[in-house]
Amino acid sequence: GPNMSGKSTVMRQAALITLMAQVGSFVPADKARVGVCDRIFTRVGASDDLASGQSTFMVEMSETANILHHATERSFIILDEIGRGTSTYDGLAIAWSVAEALHDRIRARALFATHYHELVELAESRPNIANVSVAVSEWGERIVFLRRLKEGGASRSYGIQCARLAGMPKEVIERAKSFLVVLERPAASAPTPQLSLFGGGAVAKEASVVEPPRAAPDPL
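Residues numbered from 1 in each chain as written. Predicted model: local features only at pLDDT ≥ 70, side-chain atom pairs only at ≥ 80, totals over all residues. Heavy atoms only, no water.

(A) Structural context of helix α2 (residues 56-70). Here α2 spans 22 Å end to end across 15 residues, near enough to the 21 Å set by a 1.5 Å rise per residue. Turning to α2, its buried residues number three or more, namely Val-59, Glu-60, Met-61, Thr-64, Ile-67 and Leu-68. Close packing links the buried residues of α2 with β1 (40-43), β2 (76-80) and α3 (88-106). (Helix = DSSP H or I, 4+ residues; strand = E, 2+ residues; numbered from the N terminus. Expected span 1.5 Å × (residues − 1). Buried < 20%, exposed > 50% of the residue type's maximum accessible area, 1.4 Å probe, protein only. Contact = heavy atoms within 4.5 Å.)

What follows is the structure, encoded as structure tokens:
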């Protein structure tokens, strides 16, 4: 789903409801079917561990590895972004394989938030994976978060709009928009076989390098 739309809040809420249900507490819902849960695993936030020499990405990988080694089909897992601290293709490959492991081997109940929109394809090949996203309404250059879940994956992340809301300088926002247009162009025009990176059939071709738009030189 989009940035700032409430994905992390929904996931934490689900984990807390699961915990409350296990101890026989009141659950803030009209109806909830939770089931027995042996452990709750969480991989959220971004932080490093300087004392032990672990970078932010290494902490993320270590926590994810712990989940994959110890979770069972009775566990409940929330993963709030996987693979952010490395290159796009590295991160996507890791996130994809983690999702497959959760479904195919561990078979745990899990909520997996990601901005790798390619992962929505997993719902087509895995029977127990479903896509939901947080609804957003666009109004000109602005976005309105509707704070409700809907079926299906999101098509955009609205990162530039969130940067604008955070107070990023206008010239930086406009420059980012021009970069985005150029970066999205090869993806939009790429042939279908190139998009089937994890389909097992076609081999991905190297995309041609596209120069980002250059600003006009300042007059002397």
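Continuing now.
(B) Structural context of the confidence of the model for the protein chain. Averaged over all residues, the pLDDT of the protein chain equals 81, while 83% of them reach at least 70. When mean pLDDT is taken per element in the protein chain, β2 scores highest with 95 and helix α7 (residues 192-195) scores lowest with 42. Every residue in residues 191-197 scores below 50 in pLDDT, and together they form seven contacts with partners more than four places removed in sequence or on other chains. Residue range residues 200-213 is modelled with pLDDT below 50. Its contacts to residues more than four positions away, or to other chains, number 15 contacts. (pLDDT = per-residue confidence, 0-100.)

(C) Inspection of helix α1 (residues 7-22) at higher detail. The end-to-end C-alpha separation of α1 is 23 Å, in line with the 22 Å expected for 16 residues at 1.5 Å each. Within the span of α1, buried status applies to Lys-7, Met-11, Ala-15, Ile-17 and Thr-18. Angularly, the buried residues of α1 cover 160° about the axis, an arc narrow enough to put them on a single face. Seen from the buried face of α1, the exposed residues on the opposite side, beyond 90 degrees, are Thr-9 and Leu-16. Looking at the packing, one finds that the buried side of α1 touches β1, β2, β3 (109-113) and β4 (132-139). Once α1 finishes, Gly-24 follows within two positions and takes phi at roughly 80°, a positive value. (Arc of directions from axis to C-beta.)

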